[in-house]
Amino acid sequence: MDGEAEDRHQPVLLRPNTRCNNFQLYAIAGRDGHASRAEDVFKVAILETLRWLRTRFRAIDLPDILKSPPPGDYKRFSLSDLRPWNNDAAAYKLEIVWLPEEGNWALRLTEPDHGAAGNAAVPGRLIETNIAYKLSPSIGVECAWKTVVSEPQGTETPCEVFRLSCVKYIARNPDAGLYQGFQLLDAAHALNTKKEIDKLKRYVENGSRTLPVVLISEAAPESPAPAPGMEGAAGAEDPEGIEKQLEKRFADGVKPLLTSLKAVWGKNPDRNTRVEMNSGDEPEGSRVHALFPPDAPHAPEPAAEDGVSDKPPLYERAPELAGAEAREDAIPEALQKTVRNRMGFAQFFFLPHACVETFRSKTHIDIAGGDVLVLEPALFGRGCHRHTKEELANDPEAACRAIEDFVRRYPVGKDIDFGGCLFVTEALQKERDHSLSAKNTKKELLDKFQAWKREIEHDRDTQLAGKEALIEKQKENIARLKSENAELRAKAHDLEVRLDAETNKPVERVEYLRDYSRSLNDRPKRLDKAVAWAEKRFEGKLFFHPQAKKITVSSNINLKRFCDALEYLATEHRDRLTGRINQAEHDRRCDDKYSRPFNTPPTGSSDAKQFYKVKYFPSPTTGKPMESTLDRHLVSGTSQHLFRIYFLYGNAD
């Protein structure tokens, strides 16, 4: 009995725990080629993480460290606002370490298992969330996420693998975005070009890749039934056979259209075209022309039918994403949810059936139409898991569930390289190392101070002597420049006297030549400054349509000729229209100033008049400005630098 009583009063047995890595992800944020934006992306990532924490802490008191602006206001958030934090509360432990010298921000949140997604909490299980961001201006912002699960040894209930919400916040933020070889998206990347296939091949073979690749191959399309009246036509790959069938079916009405299309596509294979036909069958009733005028900008991408879209238009997104996403409806329905919801667990790619053979020849990866391959990283063995077209057709739910479970559980227990990111444990060790290295003895500090003082005094004396010599040299330069300036003024005076003596032209002509000569120094040095220069120089004489102000430095326009053209419209052309000068004086001035004439013919065709209109002349009935045609245009430049200026003339009234 005494032995049993003694056993009951023994201290509680300390049982061993196991620790296992759960969700893990390493990615780059803000890899858009603009190193100057790295600090902004760094702030966005931190603010998105703090916003995520605020949602986690919504049921308890909010720590001061989490009271930050929303991610959209990152401009008014400074890195000097960052500070370390250590809070050991009853329900959690939150630690934040900020190393300004390293550009490393780290967070660790430790909490007991509260149960999630309908699962019961497991007693003794602790979940440790580690997040770290490293500011690396040369590549962007390194991002690392790692969840560590600690639980008593022998725990049978598996721990679910959850992606941290801040991952999707940063990935979807237009000021950040996440990349690992490809951008992390809620959609599959389309492998519809050789360039994209080559890029995927490099990514698959990259030894630092940590995400599985899910490759969804499109099944061969079913052959459609022939249209009525088209039975026995040449195959779909034979355009000449199709043309003959069309000519036979539509008689002579389609042949002119086909001829026009061939001519237009032959000259402009890359330009969008549209075709309009009137109700008659005459060839001249068909018109083929460009969708947009040569100088007009490309039209924006149309909005969704209901006027609302959950994605920004492609032309507003990063250039490398334009056309990179696969249409969701091209992916098997059972896989669409996996592609949308498992961003950060894998990279998803869609291979159109037309590109299957090209893909196989370039990558040497065996895949058939309708198959789905899951390619593991080389870092973890290069495993390849195939789900055939038949498997997906027989039981799509089971096949997709297997794919989703595989990628969701893939990071568990693996050792991933997180680049230059330091989690809280490593960051605290780095901080301690800095503190130890900074502790020197008083004597060492005094010796360093005295040596530094002597060095400063020596540098001061050397710089002072050098500055005195420089002052003397500058005095000599000033005297020389004054003498040269006086000579130049004298020469300028002589030239003016000679100009007045050698010319028999009226004083007005001499004055405008002087004005023009002086104005050349004020001309802009960049093309995108030309309109602002013209508005200032010819205030009240030239008015620019907002569209005309969108000239960029990269425009293929000769700057000197463009400025000459604006000067001509505001002076000689305007004076000729108002009657201030006659045609002879107009021509003489053009020779003096530009050494060339300018032509301002009418715009001509009705199509041109249709595209170039502005609201200017008042309506005779309402008195409000009505649409007026830009009925004339100035054409100048060589074939490589040709430009047109469309304009209309209005009197002072």
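Up top is the structure.
Sequence positions are assigned chain by chain, starting from 1 and proceeding in written order. Note on the predicted model: pLDDT of at least 70 is required for a residue's local features to be given, and 80 or more for side-chain atom pairs to be given and counted; whole-chain, interface and lining totals, by contrast, use all residues. Note that water and hydrogens are dropped before the side-chain values are worked out from all heavy atoms of the structure.

K.L.:
Hey, could you run me through the sheet that holds strand S14 (residues 372–375) in this one?
P.N.:
Sheet strands pair by backbone hydrogen bonding; their relative direction is either parallel or antiparallel. When DSSP finds two or more bridges between a pair of strands, those strands are recorded as paired. Each helix corresponds to a stretch of at least 4 residues labelled H or I by DSSP, and each strand to a stretch of at least 2 residues labelled E; elements are numbered beginning at the N terminus. With mixed pairing, the 5 strands of this open sheet are ordered in space as S9-S13-S10-S14-S15. What marks the edges here is a single partner per strand, and that holds for strand S9 (189–190) and strand S15 (384–387). Two elements, S14 and S15, share 4 bridges in a ladder whose sense is antiparallel. Bridging from a neighbouring strand, Val-374 pairs with His-385 of S15. Helix H4 (residues 194–205) rests against S9, strand S10 (213–217), strand S13 (347–351) and S14 of the sheet, and its axis sits at about 145° to S10. Contacts are assigned to residue pairs that have any heavy atoms within 4.5 Å of one another. The convention used is that axes are lines fitted to C-alpha atoms, helices contributing only their stretch in contact, and that angles between N-to-C directions extend from 0 to 180 degrees.

K.L.:
Which parts of the structure should I look at to understand the pairing of strand S18 (residues 632–636)?
P.N.:
Moving residue by residue along a regular strand, the side chains alternate between the two faces of the sheet. Relative to strand S19 (residues 643–647), S18 runs antiparallel, the two being bridged by 5 bridges. Looking at the pairing, Val-635 lines up with Arg-644 of S19. The hairpin turn running from S18 into S19, its antiparallel successor, is 6 residues long, and Gly-637 in that turn takes a positive phi close to 100°.

K.L.:
Got a minute to help me understand the sheet that holds strand S3 (residues 93–99) in this structure?
P.N.:
Strand order in the open sheet formed by 8 strands is S2-S3-S4-S5-S6-S1-S7-S8, and the pairing between neighbours is antiparallel. If you trace the sheet from one side to the other, it starts and ends with strand S2 (85–88) and strand S8 (182–183), each paired once. In this sheet, strand S4 (residues 104–112) lies alongside S3 in antiparallel orientation, the contact comprising 7 bridges. Opposite Lys-93, over in S4, you have Thr-110 as the bridge partner.

K.L.:
Help me out: how do you make sense of the pairing of strand S17 (residues 625–629) in this one?
P.N.:
For strand S16 (residues 613–618) and S17, the ladder comprises 4 bridges, and the chain directions are antiparallel. Note that in S17 the partner of Val-614 across the bridge is Ser-628.

K.L.:
Explain the pattern of salt bridges to me, please; I cannot follow it from the model alone.
P.N.:
Charged atoms that come close allow side chains of opposite charge to pair. Salt bridges are defined as contacts in which a side-chain nitrogen from Lys or Arg sits within 4 Å of a carboxyl oxygen from Asp or Glu. Scanning all chains against the criterion turns up 34 salt bridges. Here Lys-362 makes a salt bridge to Asp-198, at a shortest N to O gap of 3.3 Å. Of this pair, Lys-362 sits in helix H8 (residues 356–363) while Asp-198 is found in helix H4, placing the two residues 164 residues apart along the sequence. Between Lys-549 and Glu-535 there is a salt bridge whose closest N-O contact spans 3.3 Å. Residue Lys-549 is found in the loop between helix H14 (530–537) and helix H15 (559–570), and its partner Glu-535 is found in helix H14; the two are separated by 14 residues along the sequence. For Glu-535, a relative accessible area of 31% puts it in the partly exposed group. Shared partners join several salt bridges into a network, and the residues in it are Asp-515, Arg-537, Glu-567, Glu-572 and Lys-593. Throughout this description, buried means an accessible area under 20% of the type-specific maximum (1.4 Å probe, protein chains only), exposed means over 50%, and partly exposed covers the range between.

K.L.:
Even after reading the chapter, I still don't get the nonpolar core, so can you show me in this structure?
P.N.:
Soluble globular proteins tend to bury their nonpolar side chains together. Residues belong to a common nonpolar core when they are buried Ala, Val, Leu, Ile, Met, Phe, Trp, Tyr or Cys residues joined through side-chain atoms within 4.5 Å. The biggest cluster of nonpolar side chains holds 80 residues, and the ones touching the most others in it are Phe-42, Trp-105, Tyr-133, Trp-145, Leu-178 and Leu-200. Tallying contributions element by element places helix H2 (residues 38–56) first for this core, with 10 residues. Setting aside anything within four residues of it in sequence, one finds Leu-200 in contact with Phe-182, Leu-191, Val-213, Leu-215, Phe-349 and Phe-359. Of all hydrophobic cores here, the second largest spans 24 residues; its members include Tyr-516, Leu-569, Ala-570 and Tyr-594.

K.L.:
Mind showing me how you'd approach the packing of aromatic side chains here?
P.N.:
For any two aromatic rings, the description comes down to two numbers: the centre-to-centre distance and the angle of the planes. Note on aromatic contacts: the rings of Phe and Tyr and the six-membered ring of Trp form a pair at centre separations within 6.5 Å, being stacked when their planes are under 30 degrees apart, edge-to-face when over 60 apart, and tilted otherwise. The tally for this structure, following the rule as stated, stands at 17 aromatic pairs. Relative to Trp-98, the ring of Phe-42 lies with its centre 5.9 Å away and its plane at 35°, an arrangement referred to as tilted. Of this pair, Phe-42 sits in helix H2 while Trp-98 sits in strand S3; the two residues are 56 residues apart in sequence, bridging distant segments of the chain. Owing to a relative accessible area of 0%, Phe-42 belongs among the buried residues under this scheme.

K.L.:
Could you clarify how one ought to interpret unusual backbone geometry in this entry?
P.N.:
Peptide bonds are trans in most cases, and residues, glycine excluded, mostly fall at negative phi. A positive phi angle, near 60°, is found at His-364, a position not held by glycine. Within the secondary structure, His-364 is located in the loop between H8 and S14. Unlike most non-glycine residues, Ser-595 shows phi in positive territory, near 60°. Within the secondary structure, Ser-595 is located in the loop between helix H17 (583–593) and helix H18 (606–611).

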